[in-house]
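Tertiary structure, described
In case you want the letters, here they are:
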Amino acid sequence: MPSSHDWINKPLGVVEAMFAQSNSNPEWEAKVLEYFKGQLKEKESHSWVPSLNDVPLHYLKPNSLVKFRCLVQDMFDPEFYMGVYETVDPSTKANVLRCGKYKDVTECGVDLNSRNTVTAERQTFYCVPIPGESPWAKEISFLSAARVVPSTSYVPSRQKRSYEEDDDDMDTQPQKQREPHTETPQIQPHGNGDSKRQETEAPSSQTTTPSDCSSHLDLNFPLPGERGPACLVKVYEGLDSFKLNDTLEIYGILSVNPVLTVLGEENMETPEEQRAHDPPASLVPRLHMLYARPLQHNNPLLPSAPTEDQSAFVSSFLVEMASVRAELLAYLTHVLLGDGLAAEYLLLHLISDVYTRRDVLPLGKFTLNLSGCPLNSYTERLYQIVQQLVPCSYRLSMSLHTMNSMRLVPKKDYVANRLVSGALQLARNTSLFLDETQLEQGQLDSSGVRNITALGNLISWQKVDYDFSYHQMEFPCNINVLVTSEGRSLLPSDCQVPLQPQVTPPNMEEYLTTIHMAQFTSQINKFRVYLSLARTLDYSISDEVTKAVEDDFVDMRKDDPQSVTAEDLHRMLVVARLLSLSLGQTTLSRDGWMRAKHIDMLRRSRTEQQKSLNGNEP
Amino acid sequence: MSSPTSTPGRRKRNRDDIPATPKSTAKAGSDGQVSPPSQRRRGQDSSNGDLPAMPTSPATDIASPAVHDTSLFSSPPQLYSLEVDMSSPLMYGTPSSRVEGTPRSGVGGTPARQRPDLGSIRKAPQVDLHSDADGAVASEQALGQKLVIWGTDVNVGTCKEKFQRFLQRFIDPTSNEDENAGLDLNEPLYMQKLEEISVVGEPVLNVNCSHVQSFDADLYRQLISYPQEVIPTFDMAVNELFFERFPDSILEHQIQVRPYNALKTRNMRSLNPEDIDQMITISGMVIRTSQLIPEMQEAFFQCQVCAFSTRVEVDRGRIAEPAVCRNCNTTHSLALIHNRSAFSDKQMIKVQESPDDMPAGQTPHTTIVYAHNDLVDKVQPGDRINITGIYRAVPMRENPRQSNVKSVYKTHIDVIHFRKTDEKRLHGLDEDSDQKLFTEERVQILKELASKPDVYDRLSSALAPSIYEHEDIKKGILLQLFGGTRKDFSQTGRGNFRAEVNILLCGDPGTSKSQLLQYVFNLVPRGQYTSGKGSSAVGLTAYVMKDPETKQLVLQTGALVLSDNGICCIDEFDKMSDSTRSVLHEVMEQQTLSIAKAGIICQLNARTSVLAAANPVESQWNPKKTTIENIQLPHTLLSRFDLIFLMLDPQDEAYDRRLAHHLVALYYQSEEQIEEEFLDMAVLKDYIAYARTYINPRLNEEASQALIEAYVDMRKIGSGRGMVSAYPRQLESLIRLAEAHAKVRFSDKVETIDVEEAKRLQREALKQSATDPRTGFVDISILTTGMSATARKRKEEVAQALKKMIQSKGKTPAMKYQQLFDDLRGQSEAAITKDMFEEALRALADEDYLTVTGKTVRLL
């Protein structure tokens, strides 16, 4: 661990030195970016930078370099600031040129009439931690960061404990009731008991009742019960390259100047707007972006940058791909009460990904409807197991009350001039677990109908229409939706698998716990790497196999045109793709195609069977 | 300066108590030259005039120190704000009385009105570029031509002259703006407008910047770059000209020039620091308007001791309270009298960038706009507007207790001119105002494309390439996208003819109908997508809502109105409730929407094409049944569709193979390969937009002849079998389709080939949807009356047979229902279902021959 890093501890000093050298040559800005990029390229150097995700804000040094793993929740209007300005020293009357970049506040004695003032433009993004990030992902990235925290006096022991509590919750006693916040859909803006939050919040906030929310700051997290710091990120370069809902790792200069909250008593804005755009810096710190890296995934077990070591990592893992797959399949089979076919489909679902769009059609999505799920909290347990495997997930319990009251679609609040988030504002490849077994009879009100429509749109087109009140705006997304239901789901799905339990354990919870306990952490970690990796592999199909697939399709239709439709071919092509990828094969082979056909046949015969069994299926 | 609250330009004339020298003081220019480049205010000049030795003037008292601190910012290129002298032509006019009702006329007699929209005129003296500084003071007159306003290259005299010349000479013979309706295009345009002002008495002159540009590019450049200086000069020029011409006219205040349509039109996203203090035009949508804010322009102070009163102008939002009474020299004796101070109206408006201007995946930007005086309350939330105004940036106010400043500026636009872009839609005038502008090259590309012989096929295959085949359906939709020519018969009383083509797709589930709809919805600028299941009549038409802020009732338009001039895609048409569907009757033929609810009665335009998709009632299409029976839609509605297509699984091997190939390719072809094969979606969009705006084909002689023949032929087919096989509606839709096809070719004439294609397409569609499953003939009455002619004939036959049977039974007043049914079945050679039997009974009941009560049938 290096002794001192000025570029981490005092990045502004570096910036200013470069500015001073430049003699107003505008190239210095590019140089600054080059410098920091270069520093971060060095081996392991990015792990020296403390992360806002892991270290509580008050342990971080103001004006030091920090990183933040986040989702762009909202984009505010661009603002103009003094890029370069001149100050007058009151004693000597000498004018000094100063740089206003990467800062919120100017130095004393600004000469506002100076000719040398340069106005520049920047934009503010409102960023929140990646919604639904699994506890294990947080923990691992936290532990790896805790190895080296050079610039803070912070000893992570206490924070560690709070994560251990989470771990206990998850790993050792999964049967214990989860904290209520995962079930209750209401957004609880405060009082979620995180030590970190409580310390930073004003004590008065704990006494306020939820009805008194207007006085309290709503940090606008997409999912209820989320915690962690939100951040106002000031972006200087490449504004067009960022999109809403991008997941980024941002390296920037932390600014928590308390002056920020005192200033700005401009009457142009409504109080709501001011609260949303200028929250106290102690709660929502400012981050002046120096470098941002778009994240393909937030799995801390995988090298995140597409560098050389990643390709090395991939090729080394590819060797054991097949064996890991077999183990994972066995594990999932146990979890799904011995149903191997359902396990196979669940595995395919977990590695699915919208890899491209053809005009309006998203390709590669694979929404799975697992019907015939046993009632009484089986689905809840199932979700916990899925959560253990994927880095990002959210369980939406589709009870009537939730559907009627919850806000799924983000909505623009024109009074506060911000995008009020909804549960469907999720990062790419988040696993959305829709629990339809919770749905009871009753009436959906208009917002319930809207929510169901939004879910339907999400599943069919992989897009969410954000509500801008005067119009809607379509945001494409890439969310893996898994629907568990008793009968066929009321939502559309790409593929329905009726669960056929082979075992009926007398005590479901005990059964699942035993299965879970039987897995070593190293094993689970392998599964995690496997799932994230399989998704990133490239895939192609040769002309020869294309021909074979075509022939096959024609043959199938020859026998019974009703049995196979274009829709079925769509699905089988996706299944074939996922099946090949799950085995680490990057091209479709004839065998792969036959296998895909085979399991699809099995599944279809099972649905048919179910249909004739129930008789009342539509 | 840039503050929204800064001193307005010509407030001098609102004073009545300060004895200012009329016709201004000829020499005050010296002030500007002598005083250091500090913040001395113009107010001082006017009150001082020749009396520079009046240091106790309240204006002077407060001037320098306070202003010096607060003048935080000025745009980078012009950093010092200097005062302007009274001798400058900027100070035209004389201070006039505020007394109302006094007859007055002429420049001098008409009070000027403050223009807070321009902010204070930058208090810059004119500087002489050629001679030394003293010369400027000496003889203003002689050097007038060389003087420019400090920090700019604007010479007031030249500028004024140029503008007057522009007003007097500018002719725009090609003008087609609706504002110029009724004006003689060959006379100077703006002189006619001035005449209008003299008649109407509304002292506002809107000037189209593109006119200025085409007349004098240099003047235009100055206007864009230094609006704050140039617009007052324009005002002055106009007023001189106006009162010279109409010396007797009485106006409320002097004429104000409102330029609009600055060609430097930008969308909100491209505004950058370089635009500060320049004139810009941006488009956007109003999302919020504030309450009216009274903004103090002039504070009125009265001495508590001697009742001496004085006025202080508000400078950049601050009032400098005079510390000493000038009359009795008491300190701190002056009190502000609110109701004698002068206020102006101000309103804050938030504008959001219109959805069309935005890159995908980002959120829209918003901008704050300040409207002043009569522009207040001109726009409502939801309006789409073009704003012309001056872009401002103000630093965050300095906190006196804080030594450092937040380094961020607040930006806003001081609006000069509003133009609603959707205004016309409400008034029902024709053609889009927001015509898409095409560059020369783009038009060239489009024309080249149009000249290709296979353009029709090319375009139709470019439509939704991910959906396989269904060529005719795609062609139909393509024609729908282009639409027919709008014809106006309102003079003859028939009203507008529908130009929009409506299409219904029905067929098996899973035949990518929804996908096609989604594609169309994404392609057209004013598309709406709704699902029959989820939409109510209200959601389609319009609803009345109470605005939470103002508590006013507001009419919120629904999908059909929103897609005016666009396409409304309705999925799951069959699942729509009857009441919802009934709304469509009016829309699909009359193209209007009548609303009568909550005391609001109105008729909205809904010139929308409907593209609907319906599933058969039994999940699979039953080829043994007619279209009506399959989808269970009322025939009144069906007959309003120009084309009804069936999307069925064709079930043949060659098709399967092509389909499989297409799908596999879809999944595994790279982006580039796809793009090579098909036209870019953007090109298609532009092509359609261009054709819709610029091409209005008319029928030529041969085409009309061909249409007549086609119609007669269609009528003939059925007449042989005693049924009607075509109605005038079919002819109308044939015309529409032919026109649309001509549009595809960018042709101004509808020719025979267009008619041929229209005929072919209509025949194809009819073949699919109107074939009588019993006879195999195309029978239009299936669609128009809901029943094929043969079916009707059959029904009658059964009824007659039943009647005969009953009559043959002799006089039996009552019969058992079941008995009768069995008898009839036994007698008839064809199988008779219970439905048919019941129908026959009902027919006889209608004839008053019998009644059915429960299980017995009684004769009457």
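This text gives an overview of the structure that appears in the document. This structure is a prediction, so every number in the text was calculated from the model and none was measured.

Focus on the overall build of chain B
When helices and strands are tallied, chain B shows 31 helices and 27 strands. Classification of the 860 residues of chain B by burial places 54% in the buried group. A sequence separation of at least 24 residues applies to 70% of the contacts in chain B between residues at least 6 apart. Carbon and sulfur atoms form 51% of the exposed surface of chain B, whose accessible area is close to 37,000 Å².

Let's talk about the overall build of chain A
Across its full length, chain A carries 19 helices and 17 strands. Per-residue burial over chain A gives 59% buried out of 618 residues. Of all intrachain contacts in chain A linking residues separated by at least 6 positions in sequence, the fraction that spans at least 24 positions is 77%. Summed over all atoms, the accessible surface of chain A reaches about 24,800 Å², with 51% contributed by carbon and sulfur.

Regarding the nonpolar core
One finds Leu328, Tyr331, Leu336 and Tyr345 of chain A to be the most contacted residues of the largest nonpolar core, which totals 79 residues. Non-local contacts of Tyr345 of chain A, meaning those with residues more than four positions away in its chain, are made with Phe366, Leu368, Cys495, Val497, Val575, Ile599, Asp600 and Arg603 of chain A. In this structure, Leu463, Ala613, Leu684 and Tyr690 of chain B belong to the second largest nonpolar core, which totals 57 residues.

Let's talk about the sheet that holds strand 10 (residues 393–397) of chain A
All names here are of chain A. Read from one edge to the other, the open sheet built from five strands follows the order 10-13-16-9-17, with strand pairing classed as parallel. Each edge of the open sheet is held by one strand with a lone partner, namely strand 10 and strand 17 (495–498). Across the sheet, the mean angle separating the axes of adjacent strands is 20 degrees when strand polarity is ignored. Examined bridge by bridge, strand 9 (residues 368–371) and strand 17 share four bridges and lie parallel to one another. Paired with Ser371 across the strands is Pro498, a residue of strand 17. Relative to strand 16 (residues 480–484), helix 11 (residues 340–350) is tilted by about 150 degrees, and along the sheet it contacts strand 9, strand 13 (431–435), strand 16 and strand 17. Each of strand 10, strand 13 and strand 16 touches helix 14 (residues 446–461); the most contacted strand, strand 13, lies at about 135 degrees to it.

Remarks on the environment of Ile416 of chain B
With respect to the secondary-structure elements, Ile416 of chain B resides in strand 11 (residues 408–420). Expressed as a C-alpha distance, the spacing of Ile416 of chain B and Tyr260 of chain B, which sit 156 residues apart in the sequence, is 7.8 Å.

Describing the sheet that holds strand 26 (residues 850–853) of chain B
Residues and elements named next belong to chain B. Strand order across the open sheet formed by three strands is 25-27-26, with antiparallel pairing between neighbours. Two strands lie at the open edges of the sheet, namely strand 25 (814–816) and strand 26, each paired on one side alone. Between one strand and the next, the sheet's axes are offset by a mean angle of 25 degrees, whatever the strand orientation. Of the strands in this sheet, strand 25 and strand 27 (856–859) are in contact with helix 30 (residues 817–827), which crosses strand 25 at around 75 degrees.

Quick notes on the pattern of salt bridges
Residue and element names in this part refer to chain A. Per the counting criterion, the structure on display carries 35 salt bridges over all chains. Arg606 is paired through a salt bridge with Asp339; the nearest N and O atoms lie 2.6 Å apart. Highlighted residues: Arg606 in helix 19 (residues 590–614) and Asp339 in the loop between helix 10 (308–335) and helix 11, separated in sequence by 267 residues. Residue Arg606 is classed as buried on the basis of its relative accessible area, which comes to 9%.

Some details on the pairing of strand 18 (residues 567–571) of chain B
Residues and elements named next belong to chain B. Strand 18 sits mainly inside the fold: five of its five residues count as buried. Neither face of strand 18 is exposed, since Ile567, Cys569 and Asp571 on one face and Cys568 and Ile570 on the opposite face are all buried. Relative to strand 18, strand 15 (residues 527–531) is paired through five bridges, and the arrangement is parallel. Across the sheet, Thr530 pairs through a bridge with Ile570, a residue of strand 18. As defined by bridge partners, strand 18 adjoins strand 21 (residues 609–614) across four bridges and the pair is classed as parallel. In the strand pairing of strand 21, Cys568 is matched with Val610.

Section: the packing of helix 14 (residues 455–462) of chain B against helix 15 (residues 471–482) of chain B
Residues and elements named next belong to chain B. Interhelical geometry of helix 14 versus helix 15 gives an angle of 100 degrees and a closest axis separation of 9 Å. Here helix 14 is positioned roughly perpendicular relative to helix 15, judged by the angle of their axes. Residues Tyr456, Asp457, Leu459 and Ser460 of helix 14 form the contact with helix 15, whose participating residues are Glu471, Lys474, Lys475, Leu478, Leu479 and Phe482. Looking at the contact of helix 14 with helix 15 residue by residue, the class counts come to five nonpolar, one polar and four charged.

Quick look at helix 19 (residues 578–590) of chain B
All names here are of chain B. When the terminal C-alpha atoms of helix 19 are compared, their 19 Å separation across 13 residues agrees well with the 18 Å that a helix rising 1.5 Å per residue should span. Those residues of helix 19 that fall on the buried side of the exposure criterion are Thr580, Arg581, Val583, Leu584, Val587, Met588 and Glu589. Immediately beyond the C-terminal end of helix 19, within one or two residues, lies Gln591, with a positive phi of roughly 65 degrees.

Brief notes about unusual backbone geometry
Residues and elements named next belong to chain B. If you check the backbone angles, Asn373 has positive phi at about 45 degrees while not being a glycine. Following the sequence through the fold, Asn373 ends up in the loop between strand 9 (366–372) and strand 10 (384–395). What makes Asn373 buried here is its relative accessible area of 12%. In this structure, Phe746 is a non-glycine residue whose phi angle is positive, near 55 degrees. With respect to the helices, strands and loops of the structure, Phe746 is situated in the loop between helix 26 (728–744) and strand 24 (749–750). The exposure class assigned to Phe746 is buried, which follows from its relative accessible area of 15%.

Definitions and cut-offs
Residues numbered from 1 in each chain as written. Chains lettered and ligands numbered in written order. Predicted model: local features only at pLDDT ≥ 70, side-chain atom pairs only at ≥ 80, totals over all residues. Heavy atoms only, no water. Helix = DSSP H or I, 4+ residues; strand = E, 2+ residues; numbered from the N terminus. Buried < 20%, exposed > 50% of the residue type's maximum accessible area, 1.4 Å probe, protein only. Contact = heavy atoms within 4.5 Å. Areas by Shrake-Rupley, 256 points an atom, 1.4 Å probe, with all protein chains shown as cover. Core = buried A, V, L, I, M, F, W, Y, C linked by side-chain atoms within 4.5 Å. Pairing = 2+ DSSP bridges. Axes fitted to C-alpha atoms, helices over the stretch in contact; angles between N-to-C directions. Salt bridge = Lys/Arg side-chain N within 4 Å of Asp/Glu carboxyl O. Parallel < 35°, antiparallel > 145°, perpendicular 65-115°, else oblique. Nonpolar A, V, L, I, M, F, W, Y, C, P; charged D, E, K, R; others polar. Expected span 1.5 Å × (residues − 1).

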